[in-house]
Amino acid sequence: MAKTVDVPHELREFNEAFNKLGGYRWDVAEVFHDLLDFMIACWSPHGDKELAERLKRKYKDDYHYLSAMMAALLRCYNESFKKRNWYDGLGTYYEIIASRSKSSALGQFFTPEGICDLLTELNADYVNPPVNKTINDPACGSGRLLLSFHVRAPQNTHFACDIDPICAKMTAFNMCIHGVRGQITCGNALDLTSDWKFGFEINRLLKFGIPSIERINANQCAQYHSFELMVNKFKEDMKAKNEVITEEKIQQKIAEKIAKQSAITGQLSLF
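Residues numbered from 1 in each chain as written. Predicted model: local features only at pLDDT ≥ 70, side-chain atom pairs only at ≥ 80, totals over all residues. Heavy atoms only, no water.

A.B. asks: Explain unusual backbone geometry here, please?
C.D. replies: Trans peptide bonds make up the majority, and among non-glycine residues the majority have a negative phi. Despite not being glycine, Asn 132 shows a phi value in the positive range, around 60°. Assignment of secondary structure puts Asn 132 in the loop between α6 (113–123) and β1 (134–137). At Asn 242, a residue that is not glycine, the phi angle is positive and equals roughly 60°. Following the sequence through the fold, Asn 242 ends up in the loop between α9 (222–240) and α10 (247–265). (Helix = DSSP H or I, 4+ residues; strand = E, 2+ residues; numbered from the N terminus.)

A.B. asks: Just checking my understanding: could you explain the pairing of strand β3 (residues 182–187) for this structure?
C.D. replies: Within a regular strand, the side chains alternate between the two sheet faces. Extensive coverage of β3 is indicated by the burial of six of its six residues. Neither face of β3 is left uncovered, since the one carrying Gly 182, Ile 184 and Cys 186 and the one carrying Gln 183, Thr 185 and Gly 187 both have all their residues buried. Of the strand pairs in this sheet, strand β2 (residues 157–162) and β3 are connected by five bridges, and their pairing is parallel. Paired with His 158 across the strands is Gly 182, a residue of β3. Looking at chain direction, β3 and strand β4 (residues 196–202) are connected through six bridges and run antiparallel. By the bridge assignment for β4, Ile 184 is matched with Phe 200. (Buried < 20%, exposed > 50% of the residue type's maximum accessible area, 1.4 Å probe, protein only. Pairing = 2+ DSSP bridges.)

A.B. asks: Where do I start with the pattern of salt bridges in this structure?
C.D. replies: Two side chains of opposite charge can pair, provided their charged atoms sit close to one another. Under the counting rule described, the total for this entry stands at 13 salt bridges. A salt bridge links Lys 58 to Glu 30; its shortest N-O distance comes to 2.4 Å. One end of the pair, Lys 58, is in helix α3 (residues 49–59); the other, Glu 30, is in helix α2 (residues 28–42), and 28 residues separate them in sequence. Within the structure, one salt-bridge network assembled from shared partners comprises Glu 30, Asp 34 and Lys 58. (Salt bridge = Lys/Arg side-chain N within 4 Å of Asp/Glu carboxyl O.)

A.B. asks: How do you make sense of the environment of Lys 207 when you look at a structure like this?
C.D. replies: Position of Lys 207 among the secondary structure elements: in the loop between β4 and β5 (213–216). It is 10.0 Å that separates the C-alpha atoms of Lys 207 and Arg 181, two residues lying 26 residues apart in sequence.

A.B. asks: So what exactly am I meant to see when it comes to the environment of Ile 135 here?
C.D. replies: Take Ile 135: it is sitting in strand β1. For the pair Ile 135 and His 150, spaced 15 residues apart in sequence, the C-alpha to C-alpha distance is 9.3 Å.

A.B. asks: Please explain the pairing of β4 as it appears in this structure.
C.D. replies: By the criterion of burial, β4 is predominantly enclosed, with six of the seven residues buried. In the sheet, β4 pairs with β5 via four bridges, with the strands oriented antiparallel. From the neighbouring strand, Gly 199 faces β5, where its bridge partner is Ile 216.

A.B. asks: Whenever I open this one, the packing of aromatic side chains confuses me. Can you help?
C.D. replies: To describe a pair of aromatic rings, one takes the distance between the centres and the angle between the planes. All told, the structure shown has twelve aromatic pairs when counted by the stated rule. Between the aromatic rings of Phe 14 and Phe 18, the centroid separation amounts to 6.1 Å while the plane-to-plane angle is 45°, which identifies the pairing as tilted. Here Phe 14 pairs with Phe 18, and both are found in helix α1 (residues 12–22), just four residues apart, close to one helical turn. The interplanar angle of 75° and the centroid separation of 6.0 Å between the aromatic rings of Tyr 77 and Phe 81 together place this pair among those described as edge-to-face. Classification of Phe 81 by relative accessible area gives partly exposed; the value is 30%. Taken together, the aromatic side chains of Phe 14, Phe 18, Phe 32, Tyr 93, Tyr 94 and Phe 110 make up a single cluster linked through ring pairs. (Phe/Tyr/Trp six-rings, centres within 6.5 Å; stacked < 30°, edge-to-face > 60°.)

In short, geometric facts, not functional conclusions.
Here is the structure:
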């Protein structure tokens with residue numbers, strides 16, 4: 001439970017609504033995760049009837065607080081957009097409750113907004129910003145780097161990945177709200193073919209004026225296929241050199257490639 005004095009002014013209405021469920025009766029981490037699932041389902045063109053029924057059974061008469069939380073959060077984003085180009089209220093609130101929770105399900109802290117904007121300055125040319133490129137963040141947290149980059153260079157497709165399901169879902173919501181087009185994957189960015197959990201297509205319907213979050217499988221995931229091609233290329237090269245192919249060596253080559261790429265472009269990469 002977050003105290004009002006610990007929460008930024010713009011998030012206090014949301015905090016009040018959140019505490020109706022996450023204050024006393026229910027575990028904070030559990031409520032936060034359920035809220036993310038609820039909001040993602042609301043932005044899905046097909047909804048999620050099974051999830052809705054499960055949450056209704058769980059929260060009973062308190063089920064309506066989930067929609068109250070989402071409404072308060074959207075009002076918070078709307079007000080914040082009047083003062084700044086991008087905003088991560090969801091990630092900010094998560095950091096607050098994570099710092100006060102004993103739950104092992106919470107514990108992420110994200111790149112400060114000013115640092116995100118600095119990295120954008122270093123990666124995106126003011127005069128000739130990248131256009132029709134694919135932008136990748138392999139450890140996206142709540143998606144702040146991509147949000148910042150999108151403001152500077154909106155005509156690109158963004159791909160995000162995080163091993164933590166809560167982070168992946170926060171990024172999906174943030175990308176949707178900010179009009180960012182792309183995909184978000186939950187899995188190990190160093191081994192997606194073995195550790196791919198779930199993914200979302202973000203704002204596919206935005207060209208029709210409809211923000212959207214749609215679930216995808218591994219076969220629909222561009223990052224999964226890109227990773228698969230990279231691994232196969234490593235194996236072909238090792239075979240041509242008569243090297244013994246092991247998972248450890250493949251992982252080492254992947255880590256070396258990512259480190260080399262990061263040294264050139266930072267955590268955000270254009271590929």
